[in-house]
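Spelled out, the chains give:
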Amino acid sequence: MQISDSWPGYSLDLFTYPQHYYGDLEYVLIPHGIIVDRTERLAKDIMQDIGDNDIVVLCVLKGGYKFCADLVEHIKNLSRNSERFISMKVDFVRLKSYHNDQSMQDMQIMGGDDLSKLTGKDIVGTGRTMKVLLNNIEKYKPKMIKVASLLVKRTSQPDGYRPDYYGFEIPDLFVVGYALDYNEHFRDLNHICVINDHGKAKYRV
Ligand code: IMP
Ligand code: MG
């Protein structure tokens, strides 16, 4: 699903959001309900592709936790309501690379002992994070690796990484909400929103 550069978004006044973020946001890029609905469809596509294989879901923290939890929930529901029973394990890794809204050179990977098959991620920006993670996972020689990311950013990066599944392709904007953060803030916002200059200044470190 493509969100074009000219998409003005939705007015914040049409929805509810935490009072402590009043004045810090520009507009709603993707409302929470649409995120959940689109994730349900990704779950269906994934179910179709994995056949009878068991899966290990590797959630990339912290930003991927909402997407991963909703995706797993949808896969569980689809599996329960069909005649196919997919056994699922869940594991977590934590990556950190951003400072303010800038991608940093050094990347930290923490945790994850059972690395294989399906990874659930928040957003692919430059794609740098995903490449580092995949290099690490491949050492474990999994039978199959599929990457699902809620968002893919249209960056100017020519070697942009493309996940196997993604929810939305978005303009090259810094977004927050639905677990995506700006210096650890805004994870408690349901909708995916564009932060304004006031918000950036307020939470800059
Ligand atoms: P990449 O290495 O540039 O692809 O960045 C990927 C990681 O950076 C994501 O997993 C996010 O945690 C973070 N990131 C990239 N763009 C954004 C954004 O617009 N908002 C919040 N976090 C972002
Ligand atoms: Mg972050």
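Residues numbered from 1 in each chain as written. Chains lettered and ligands numbered in written order. Predicted model: local features only at pLDDT ≥ 70, side-chain atom pairs only at ≥ 80, totals over all residues. Heavy atoms only, no water.

As annotated in an unreviewed UniProt entry, the chain is Hypoxanthine phosphoribosyltransferase from Baryphthengus martii. The UniProt entry for the chain carries the following text under Pathway (unreviewed entry): "Purine metabolism; IMP biosynthesis via salvage pathway; IMP from hypoxanthine: step 1/1." (UniProt positions renumbered as here; feature names shortened; annotations may be inferred.)

(A) A look at the site of ligand 1. Close to ligand 1 lie 16 residues; Lys121, Thr126, Gly127, Thr129 and Val175 are nearest. At 2.9 Å from an oxygen atom of ligand 1 is found a side-chain nitrogen or oxygen belonging to Lys153. Taking 490 Å² as the accessible area of ligand 1 by itself, protein coverage stands at 93%. Contributions of two or more residues to the shell around ligand 1 are made by strand 5 (117–124) and helix 3 (128–138). For the shell around ligand 1, the leading source of residues is strand 5, giving four residues. Per-class residue counts for the shell around ligand 1 are seven nonpolar, four polar and five charged. (Near = heavy atom within 4 Å. Polar contact = N/O pair within 3.5 Å; in protein donor to acceptor, adjacent residues only side chain to side chain. Areas by Shrake-Rupley, 256 points an atom, 1.4 Å probe, with all protein chains shown as cover. Helix = DSSP H or I, 4+ residues; strand = E, 2+ residues; numbered from the N terminus. Nonpolar A, V, L, I, M, F, W, Y, C, P; charged D, E, K, R; others polar.)

(B) Quick look at unusual backbone geometry. Here the residue pair Leu61 and Lys62 is connected by a cis peptide bond, since its omega of -5° sits within 30 degrees of zero. Mapped onto the secondary structure, Lys62 falls in the loop between strand 2 (55–61) and helix 2 (65–80). If you check the backbone angles, Asn183 has positive phi at about 50° while not being a glycine. Structurally, Asn183 can be placed in the loop between strand 8 (175–176) and strand 9 (192–195). Under the relative-accessibility criterion, Asn183 is labelled buried at 17%. Positive phi is not limited to glycine here, since Glu184 has a value of about 75°. If you trace the backbone, Glu184 turns up in the loop between strand 8 and strand 9. (Buried < 20%, exposed > 50% of the residue type's maximum accessible area, 1.4 Å probe, protein only.)

(C) Summary view of the nonpolar core. In this structure, Leu29, Ile30, Leu151, Ile170, Val175 and Ile192 are the most contacted members of the largest nonpolar core, which totals 31 residues. Looking at this core, the elements with two or more residues in it are strand 1 (25–30), helix 1 (32–50), strand 2, helix 2, strand 6 (145–153), strand 7 (165–170) and strand 9. The biggest single contributor to this core is helix 1, with six residues. Excluding residues within four positions of it along the chain, Leu29 makes contact with Ile3, Trp7, Ile170, Leu173, Val175, Ile192, Cys193 and Val194. Counting residues in hydrophobic clusters, the runner-up holds 13 residues, among them Tyr17, Leu25, Val28 and Leu189. (Core = buried A, V, L, I, M, F, W, Y, C linked by side-chain atoms within 4.5 Å. Contact = heavy atoms within 4.5 Å.)

(D) Spotlight on the packing of helix 1 against helix 2. Across the interface, helix 1 lies against helix 2 with an axial gap of 9 Å and an inter-helix angle of 55°. Between helix 1 and helix 2, the angle falls in the class oblique. With respect to the hand of their crossing, helix 1 and helix 2 are arranged in right-handed fashion. In this structure, helix 1 contributes Val36, Thr39, Glu40, Leu42, Ala43, Lys44, Ile46 and Met47 to the contact, and helix 2 contributes Phe67, Asp70, Leu71, His74, Ile75, Leu78 and Ser79. Grouping the constituent residues of the contact of helix 1 with helix 2 by class yields nine nonpolar, three polar and three charged. (Axes fitted to C-alpha atoms, helices over the stretch in contact; angles between N-to-C directions. Parallel < 35°, antiparallel > 145°, perpendicular 65-115°, else oblique. Left-handed = near helix turned anticlockwise from the far one by under 90°.)

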